[in-house]
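As a plain string of letters, each chain reads:
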Amino acid sequence: MVTLTHSSDSDSHASPAGRRGDNESRARPEGWLFAAALISGFVHDIGLARGQTVDYFSTPWVVSPLPPATNTTSPQANPSGNRSPRTNSNLYSHALAQSEPEAPPWTVTGNVGIDEIATDNVAETEHDRIADIESLASAGATATADSTRLSGILSATGVYRRDIKDTGLDGFSGYGYANGSAAIVPGLFNFSLHGLMDDISREGEGLQNVLVQTPQETQTYSVSGFPYLTNRIGNLGSNELRYQIGQVWFVNNTGVIGTPGLNIGPITSSTDQNVREDLKMAGTMLPRLTSDVSLSGMENDSGELGSGDYTNLNGELINEYEVTRYASAIAGAGYERLHDNDFPTIDGESPVWDIGTRLRPDPDSYVLLTYGHHYLKSDFAGELEWQLSDLTNVYAAYTDSITNSQQSIIGNTEASQVGPGGADSGVSFSQSTLIGTLDDQTLSAGGAGTGSPLGVPLTDINNALPLQNGLFRDKSFRATARTLLDGDSLSLTAYYLQSTQLTAVGLSSSEVGQVDTTEAGTLIWNRPLSPDLTGQLSAGYSHLNLDNADLYNTSVGLTQVLSESLSIVLRYDLIYREAHPNAGGYLQNAVTIGLHKTFE
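Residues numbered from 1 in each chain as written. Predicted model: local features only at pLDDT ≥ 70, side-chain atom pairs only at ≥ 80, totals over all residues. Heavy atoms only, no water.

Caption draft 1: Summary view of the pattern of salt bridges. Under the definition given, this model contains 15 salt bridges. Arg337 is the partner of Glu349 in a salt bridge, and the nearest nitrogen-oxygen pair spans 3.9 Å. Of this pair, Glu349 sits in strand S14 (residues 348-362) while Arg337 is found in strand S13 (residues 327-340), placing the two residues twelve residues apart along the sequence. For Glu349, a relative accessible area of 48% translates into the label partly exposed. The closest approach of N and O atoms between Asp379 and Lys377, which form a salt bridge, is 4.0 Å. (Salt bridge = Lys/Arg side-chain N within 4 Å of Asp/Glu carboxyl O. Helix = DSSP H or I, 4+ residues; strand = E, 2+ residues; numbered from the N terminus. Buried < 20%, exposed > 50% of the residue type's maximum accessible area, 1.4 Å probe, protein only.)

Okay, here's the thing in structure tokens:
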């Protein structure tokens with residue numbers, strides 16, 4: 001599935017006094033990135049997820065003004081069977097429509113909108129609060145394709161912002177997401193492409209309402225693609241060889257952030273490459289045994305100010321033996337070598353191994369739990385996808401890996417799919433080579449191939465930790481639960497992330513050994529109030545130990561569907577940041593009213 005967006009701003013603009021992240025750097029990424037993003041929109045198989053930022057302009061607050069999908073067998077498409085507006089993301093609504101048997105091979109839908117935002121603290125300062133009114137004009141399109149050669153979705157929306165008082169925020173921006181695949185030579189040579197353009201909080205406290213919290217925004221552009229060859233080797237098994245390359249750029253607020261209690265280094269662009277060879281042998285040696293010879297070489301180059309030139313060579317024989325139809329045993333063994341030209345303290349090599357189990361209570365659910373040695377350390381890893389009922393599902397994952405901010409963004413995007421809430425992400429190969437291999441749908445390993453719309457929101461996980469250069473050991477636990485109750489949609493996301501700095505990047509960087517942690521949770525409730533009116537309540541909390549700050553937010557919104565293609569939205573946000581000691585805290589109220597139209 002594919003969805004992308006583009007953003008550009010003036011080369012420089014003022015930063016109000018007191019605003020966090022005054023050091024700004026603005027540069028437009030190369031034009032070929034956006035061209036590649038557009039092309040990528042026409043490739044990939046339809047998946048599952050949620051993405052508040054990406055989906056906002058084409059479908060405010062994930063309430064679809066489009067006609068209900070004709071496939072009413074899916075409870076998430078139209079649970080009540082009537083004309084009540086669905087609490088599906090716009091991306092998922094298009095995916096459902098494209099998957100219908102009578103759907104054309106490709107569709108294009110446009111969207112335009114006007115939003116007015118009134119806020120009492122546009123600079124997000126503790127004192128000398130400035131009230132302002134912001135006007136946002138948006139226009140974009142969503143394209144889908146589903147054929148024997150191409151499948152995917154692309155959604156791109158450009159936005160122009162203008163403020164009455166704080167003209168330093170005026171400029172163009174955009175949002176989007178991409179994920180797709182194309183069969184160049186069916187059954188032999190394929191190509192997949194992924195992309196993301198979104199706003200990220202450098203502080204790692206999340207973006208409660210990206211339209212309001214512009215001072216925190218750092219525009220992120222990420223595109224990655226990989227060609228891969230698949231072939232059958234006699235009766236031995238199937239083989240896949242792939243080369244994967246990704247690039248990530250950052251615009252606005254990319255320099256050092258130094259405020260009382262908060263010290264974050266700069267962030268620079270990065271190139272991520274991965275060569276993988278997988279030989280999968282299903283039932284070759286034993287009828288119930290699936291073996292995978294997984295060889296990989298990963299390289300991430302952020303330059304001397306980033307991770308240096310970090311490489312990870314890994315080889316492992318992964319075995320999964322089906323004890324019963326409901327349970328299997330997992331065992332793996334191999335070797336790894338880590339190296340960095342600029343940071344020799346990262347260098348190391350050792351055997352890798354895994355033992356674990358996978359439980360399958362039903363065809364749409366599984367629990368995967370392993371204990372093993374990877375990234376020079378022994379720890380647990382696991383993933384859970386549980387379809388409790390047709391209306392309720394749960395996702396959870398835990399990983400321990402060595403990575404950097406840039407590689408995480410690229411990996412999270414590559415591991416994402418699109419579903420009822422937007423773009424969700426699972427476990428990427430760089431986070432766990434074992435789970436990444438078992439989940440790999442192109443290898444038909446069965447892990448993530450359940451078709452369940454499960455994973456953590458991509459926007460949330462990318463905003464969870466401070467965004468800065470350097471290599472880190474990241475321990476990540478994240479979970480999401482969703483349910484439908486009498487037409488109401490409820491989702492709860494929670495995560496705990498721990499990041500230990502392994503490299504020092506200049507005098508402005510935090511120290512080696514520093515541990516950053518984030519605990520956060522978000523609850524969203526959508527309720528149809530009438531056939532054409534839907535309400536939403538949300539509440540969120542996050543705590544970052546780096547500056548010992550607590551961030552609270554709550555919002556209430558209404559979406560009135562005026563016609564099948566026109567909707568009006570009204571939303572109130574209350575955002576409160578409490579800093580300890582009291583420096584950098586603020587209170588902000590904001591009211592948004594918008595008019596949005598889709599057209600074919």
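That was the structure; now back to the text.
Caption draft 2: Structural view of a nonpolar patch on the surface. Together, Trp525, Leu529, Leu537, Val556, Leu558, Leu562, Ile568, Leu570, Tyr572, Val591, Ile593 and Leu595 give the surface a local cluster of nonpolar side chains, amounting to about 960 Å² of exposed area. Mapped onto the nonpolar patch, the elements with two or more residues apiece are strand S23 (515-530), strand S25 (549-561), strand S26 (566-579) and strand S27 (586-599). For Leu529, the position within the fold is in strand S23. (Patch = residues over 30% accessible without salt bridge, like charges linked within 9 Å, V, L, I, M, F, W, Y side chains within 5 Å. Areas by Shrake-Rupley, 256 points an atom, 1.4 Å probe, with all protein chains shown as cover.)

Caption draft 3: Broad picture of the packing of aromatic side chains. By the definition in use, this model includes six aromatic pairs. Between Tyr541 and Tyr552, the aromatic rings sit 5.2 Å apart at their centres with planes inclined by 45°, giving tilted as the arrangement. One end of the pair, Tyr541, is in strand S24 (residues 533-544); the other, Tyr552, is in strand S25, and eleven residues separate them in sequence. Using a relative accessible area of 33% as the deciding quantity, one classes Tyr541 as partly exposed. The positively charged end of Arg276 is found above the aromatic ring belonging to Phe429, 3.9 Å away from the centroid. Looking at Arg358, its charged tip hangs above the ring of Tyr366, at a distance of 5.1 Å from the centre. (Phe/Tyr/Trp six-rings, centres within 6.5 Å; stacked < 30°, edge-to-face > 60°. Lys NZ or Arg CZ within 6 Å of the ring centre and 35° of its normal.)

Caption draft 4: Molecular detail of the sheet that holds strand S19 (residues 422-425). In space, the three strands of this open sheet follow the order S18-S19-S20, with antiparallel pairing throughout. Strands at the two margins of the open sheet, each flanked by one partner only, are strand S18 (416-419) and strand S20 (456-457). Pairing of S19 with S20, which is carried by two bridges, proceeds in the antiparallel orientation. By the bridge assignment for S20, Ser425 is matched with Val456. (Pairing = 2+ DSSP bridges.)

Caption draft 5: Focus on the nonpolar core. In this structure, Tyr177, Leu368, Tyr395, Leu438, Leu458 and Leu497 are the most contacted members of the largest nonpolar core, which totals 26 residues. Breaking this core down by element, the ones donating at least two residues are strand S15 (365-374), strand S17 (392-403), helix H5 (433-439), helix H6 (458-462) and strand S22 (488-501). By residue number, the principal contributor to this core is H5, which donates three residues. Counting residues in each nonpolar core, the second largest holds nine residues, with Phe343, Tyr375, Ile402 and Leu471 among its members. (Core = buried A, V, L, I, M, F, W, Y, C linked by side-chain atoms within 4.5 Å.)

Caption draft 6: Layout of the pairing of S15. In terms of burial, S15 is a largely internal element, seven of the ten residues being buried. Linking two consecutive strands that pair antiparallel, namely S14 and S15, is a turn of two residues. As paired elements, S15 and strand S16 (residues 377-387) share nine bridges and run antiparallel to each other. Paired with His373 across the bridge in S16 is Ser378. Hairpin connection of S15 to S16: two residues between the antiparallel strands, including Tyr375 at a positive phi of 55°.

Caption draft 7: Up close: the side chain of Ser538. With respect to the element layout, Ser538 can be found in strand S24. Side chain to side chain, Ser538 and Ser555 meet in a polar contact 2.4 Å long. (Polar contact = N/O pair within 3.5 Å; in protein donor to acceptor, adjacent residues only side chain to side chain.)

Caption draft 8: Summary view of the side chain of Asp198. Inspection of the secondary structure puts Asp198 in strand S5 (residues 189-201). Of the polar contacts made by the side chain of Asp198, one reaches the side chain of Thr459; its length is 3.3 Å.

Caption draft 9: Layout of unusual backbone geometry. You will see that Glu124, though not glycine, has its phi angle at about 55°, which is positive. With respect to the element layout, Glu124 can be found in the loop between strand S1 (106-119) and strand S2 (132-146). Owing to a relative accessible area of 4%, Glu124 belongs among the buried residues under this scheme. Of note, the phi angle at Asn252 is positive, near 85°, even though the residue is not glycine.

Caption draft 10: Local environment of the pairing of S16. As paired strands, S16 and S17 are joined by six bridges and run antiparallel to one another. Looking at S17, one finds that Gly382 is bridged to Tyr398.

Caption draft 11: Broad picture of helix H3 (residues 90-99). With eight of ten residues buried, H3 lies mostly within the body of the structure. Buried residues of H3: Asn90, Leu91, Tyr92, Ser93, His94, Ala95, Leu96 and Gln98, and no others.

Caption draft 12: Region of interest: helix H4 (residues 405-414). Most of H4 sits inside the fold, with eight of its ten residues counted as buried. By the burial criterion, the buried members of H4 are Ser405, Gln406, Gln407, Ile409, Ile410, Gly411, Asn412 and Thr413.

Caption draft 13: Expanded view of the confidence of the model for the protein chain. With 80% of its residues at a pLDDT of 70 or more, the protein chain shows a mean pLDDT of 81. Mean pLDDT values over the elements of the protein chain span from 31, in helix H1 (residues 31-40), up to 97, in S13. Low confidence marks residues 59-85, where pLDDT is under 50. Its contacts with residues over four positions away, or in another chain, come to 83 contacts. Note that residues 445-452 has pLDDT below 50 and, in this model, 29 contacts with residues that lie over four places away or in other chains. (pLDDT = per-residue confidence, 0-100. Contact = heavy atoms within 4.5 Å.)

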